[in-house]
Amino acid sequence: QALNNKMMSIKALFLLVAVLLAAVSVQSFAPAFIPGKISTTSSTSLDACRISAKKEKRKRNRENMRGFQKRGGSRRKTLKRQLSNDQRQIEDEFIAKCFITIPPPDPKADGMFGDN
């Protein structure tokens, strides 16, 4: 009986040591909690940093895209466009003149058939 009680106390002591070792190893991975000290790293400051980085990236992208915007164009293209527009207008006027309806000529007024 005495040997059995001794074995139980050794087992209990061994179990207590194992629990204490487990608690110490778990605490080594967790930040220490000191009641009066506020944690310096928070998720809000990290989120603010991310938002600031995103705003800066949008600004950089906007400035970069300004380089790809078309402005003015070349003088040669502008001149060719103007010449083609002028030629198109002349052709349109010619086609419009072709389809103008005029009354047929009066044969008596012209004297075409020798009726005079």
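Fair warning: this is a prediction, and the values are worked out from it, not measured in the lab.

Scoring rules and cut-offs
Numbering of residues starts from 1 in each chain and follows the order in which that chain's sequence is written. Owing to the predicted nature of the model, reporting of local features is limited to residues with pLDDT of at least 70; listing and counting of side-chain atom pairs is limited to 80 or more, with chain, interface and lining totals taken over all residues. Processing note: side-chain calculations cover all non-hydrogen atoms of the structure and skip hydrogens and water entirely. Helix and strand assignments follow DSSP, with helices taken as H or I runs no shorter than four residues and strands as E runs no shorter than two, numbered in order from the N terminus. Exposure categories follow from relative accessible area, calculated using a 1.4 Å probe and restricted to protein chains: below 20% of the type maximum is buried, above 50% is exposed, and the middle band is partly exposed. The Shrake-Rupley method, run with a 1.4 Å probe sphere, supplies the accessible areas, and residue values consider only the shown protein chains as cover. Each patch is built from residues lacking any salt bridge and having more than 30% relative accessible area; the joining distance is 9 Å for like charges and 5 Å for nonpolar side chains (Val, Leu, Ile, Met, Phe, Trp, Tyr). Put simply, a salt bridge is a Lys or Arg side-chain nitrogen that is within 4 Å of an Asp or Glu carboxyl oxygen. In this count, Lys and Arg are taken as positive residues and Asp and Glu as negative ones, while His and the chain termini are left out. Throughout, a charge is located at the NZ atom of Lys, the CZ atom of Arg, the CG atom of Asp or the CD atom of Glu. On a range of 0 to 100, pLDDT expresses the predictor's confidence in each residue.

Engineer: Give a detailed account of the overall build of the protein chain, specifying residues and quantitative values.
Structural biologist: Regarding its fold elements, the protein chain presents 4 helices and 0 strands. Mapped from its N terminus to its C terminus, the protein chain presents α and β elements in the order α-α-α-α. When burial is assessed residue by residue, the protein chain has 0% of its 116 residues classed as buried. Here the protein chain has roughly 12100 Å² of accessible surface; of this, 62% comes from carbon and sulfur atoms.

Engineer: Describe a positive patch on the surface, with residues and values.
Structural biologist: A cluster of like positive charges, contributed by Arg-50, Lys-54, Lys-55, Arg-58, Arg-62, Arg-66 and Arg-71, occupies part of the molecular surface. Note on placement: Arg-66 falls in helix α2 (residues 43-66). Here Arg-66 falls in the partly exposed class, since its relative accessible area comes to 44%.

Engineer: So what's going on with a nonpolar patch on the surface? Which residues, and what values?
Structural biologist: A contiguous nonpolar surface patch, about 500 Å² in accessible area, is contributed by Leu-13, Leu-16, Val-17, Leu-20 and Leu-21. Topologically, Leu-21 is positioned in helix α1 (residues 2-29).

Engineer: Outline the confidence of the model for the protein chain, listing residues and values.
Structural biologist: For residues with low pLDDT, the predicted coordinates do not support detailed interpretation. Chain-level pLDDT for the protein chain is 79 on average; 76% of the residues reach the 70-or-more range. Across the protein chain, the secondary-structure element scoring lowest on mean pLDDT is helix α4 (residues 107-110), at 64, and the one scoring highest is helix α3 (residues 75-98), at 92.

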